[in-house]
Amino acid sequence: MQQMAFFHARSPTMGHSYAAPNLDELGYHFNGELKLVKNVTGEHFKFTNQRDYEVLGEAVTEDIYNRLEEIGLRKMKITESKPSFFFANPEVIQKDANKILVLIHGNGAVRAGQWSRKIILNSSLEEGSQLPFIQMANDQGYGVIVTNGNQELQHMSPEDHASAVWEKLITGSCCDHVIIIAHSYGGQVTMNLARCFPGDFLHRVKAVYLADSVHYGMTGIPLLDQRLCDISLNYVTSDRNFDNSIEFEDGIKCISSGTTRHEWTSWYSLHSIFDNIRTLVGPLYKDKDLLTRETSTGCNYDHGEFRDSEFCAAITAAVKCKQICPGTIL
């Protein structure tokens, strides 16, 4: 009967009315170690078939949505006319946050609050979710935005989702200190954000931390790409020891995440990322900031005065070639 219950929980794929599956109804819960176990026996989850795995994954997604709200984030719609939504701390929504951290997951089955559904189901919620990232960010005084780019792909791409979230919460806010953490295809989503909001990436975005990112040649705008190279770090899969330097990829510095498994790179890089955030000053990896051409003085740079003709010409050319989003405000 349990198998039949799993099957009927998937009725939305058949066009019927749908209520999201519940972990408890499916006979599972996360125990004190945040591992997925059976309610009756306490036995750890074991894969049986893809159909049941997908239904259980949907229930885990709903559980994480609830946990995001329990730790103080609010669920926000992109617009009233579209079903896509995301989560953010109240101070971000009210545009009062002094510092903002944006979390961008990869593609596939993952949703808001997740880096890897596979890890969540097979190892633990702590290792596969974004919850420890959110907690550490809040502890350091950051308001957090949790994107949800795969949630309604029939209505909105991950790139369009992130751009809409950015415009809704960061554009027009008082915040001039933004950090991005992105995994896998989240790197490409980040490059699209830079194309759409180049002024923000020059003036507000202080660091971009990538976990085994895909970013396909970056933005294609040389000066903007140089800025991204100066403020970004990519934790990549490698059999080398953690933190060992790897070859640069598209100009972005790469270091070993300490794992050869793509889905684990976010978890392995967690503490290093927040160690870097705690001590974030100046450009991350250069002696000179190539936008201002000034030597690092050990304090955060303010690029508010950077409006030279070379940059303006580059942005104008990019707009004409449709390399950045129409209507971009610098």
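Overview of the structure.

## Things to note about unusual backbone geometry
Line of reasoning, step 1. Phi is positive for D212, close to 50 degrees, though the residue is something other than glycine.
Line of reasoning, step 2. The residue D212 is located in the loop between β8 (205–211) and α10 (222–231) in this model.
Line of reasoning, step 3. D212 gets classed as buried once you look at its relative accessible area, which sits at 15%.
Line of reasoning, step 4. Positive phi, close to 80 degrees, is recorded for D243, a residue that is not glycine.
Line of reasoning, step 5. Locating D243 in the fold gives a position in the loop between β9 (232–236) and β10 (245–249).

## Considerations on the sheet that holds strand β11 (residues 252–256)
Two modes of strand pairing occur in sheets, parallel and antiparallel, and in both the strands are linked by backbone hydrogen bonds.
Line of reasoning, step 1. In spatial order, the strands read β3-β4-β6-β5-β7-β8-β9-β11-β10; together these nine strands make up an open sheet with mixed pairing. Two strands lie at the open edges of the sheet, namely β3 (74–79) and β10, each paired on one side alone. Neighbour to neighbour, the strand axes of the sheet diverge by 25 degrees on average, direction disregarded.
Line of reasoning, step 2. Summarising the sheet, β9 and β11 pair through four bridges and their orientation is parallel. Directly across from L233, in β11, lies its bridge partner K253.

## Description of the packing of helix α7 (residues 158–169) against helix α8 (residues 186–196)
Line of reasoning, step 1. The contact between α7 and α8 brings their axes to 9 Å, and the two run at 50 degrees. Comparing their axes, α8 and α7 come out oblique. Our pair here, α7 against α8, has a crossing hand that is right-handed. In this structure, α7 uses P158, E159, A162, S163 and W166 to contact α8, whose residues at the interface are Q188, V189, N192, L193 and C196.
Line of reasoning, step 2. Partitioned by chemical class, the residues of the contact of α7 with α8 number six nonpolar, three polar and one charged.

## A word on the nonpolar core
Line of reasoning, step 1. Of all hydrophobic cores here, the largest spans 44 residues; its most connected members are L36, L101, L103, V146, I181, Y209 and F274.
Line of reasoning, step 2. Ranked by residue count, the leading element in this core is helix α2 (residues 50–70), at eight residues.
Line of reasoning, step 3. Residues A162, C175, C196 and L228 belong to the second largest nonpolar core, which totals 40 residues.

## Some words on the pattern of salt bridges
Line of reasoning, step 1. What the rule picks out here adds up to eight salt bridges.
Line of reasoning, step 2. D63 serves as the salt-bridge partner of R67, at 2.5 Å between the closest nitrogen and oxygen. One end of the pair is R67 and the other is D63, both in helix α2 and four residues apart, which spans about a single turn.
Line of reasoning, step 3. Given a relative accessible area of 21%, R67 falls into the partly exposed group.
Line of reasoning, step 4. Among the residues examined, D63 registers a relative accessible area of 18% and is labelled buried.
Line of reasoning, step 5. Between K118 and E263 there is a salt bridge; the shortest N-O distance is 3.6 Å. Of this pair, K118 sits in helix α4 (residues 117–122) while E263 sits in the loop between β11 and α11 (265–278), and the two are 145 residues apart along the sequence.
Line of reasoning, step 6. Overlapping salt bridges bring together K38, E43 and K46 as one network.

Reading the values: the criteria
- Residues numbered from 1 in each chain as written.
- Predicted model: local features only at pLDDT ≥ 70, side-chain atom pairs only at ≥ 80, totals over all residues.
- Heavy atoms only, no water.
- Helix = DSSP H or I, 4+ residues; strand = E, 2+ residues; numbered from the N terminus.
- Buried < 20%, exposed > 50% of the residue type's maximum accessible area, 1.4 Å probe, protein only.
- Pairing = 2+ DSSP bridges.
- Axes fitted to C-alpha atoms, helices over the stretch in contact; angles between N-to-C directions.
- Parallel < 35°, antiparallel > 145°, perpendicular 65-115°, else oblique.
- Left-handed = near helix turned anticlockwise from the far one by under 90°.
- Contact = heavy atoms within 4.5 Å.
- Nonpolar A, V, L, I, M, F, W, Y, C, P; charged D, E, K, R; others polar.
- Core = buried A, V, L, I, M, F, W, Y, C linked by side-chain atoms within 4.5 Å.
- Salt bridge = Lys/Arg side-chain N within 4 Å of Asp/Glu carboxyl O.

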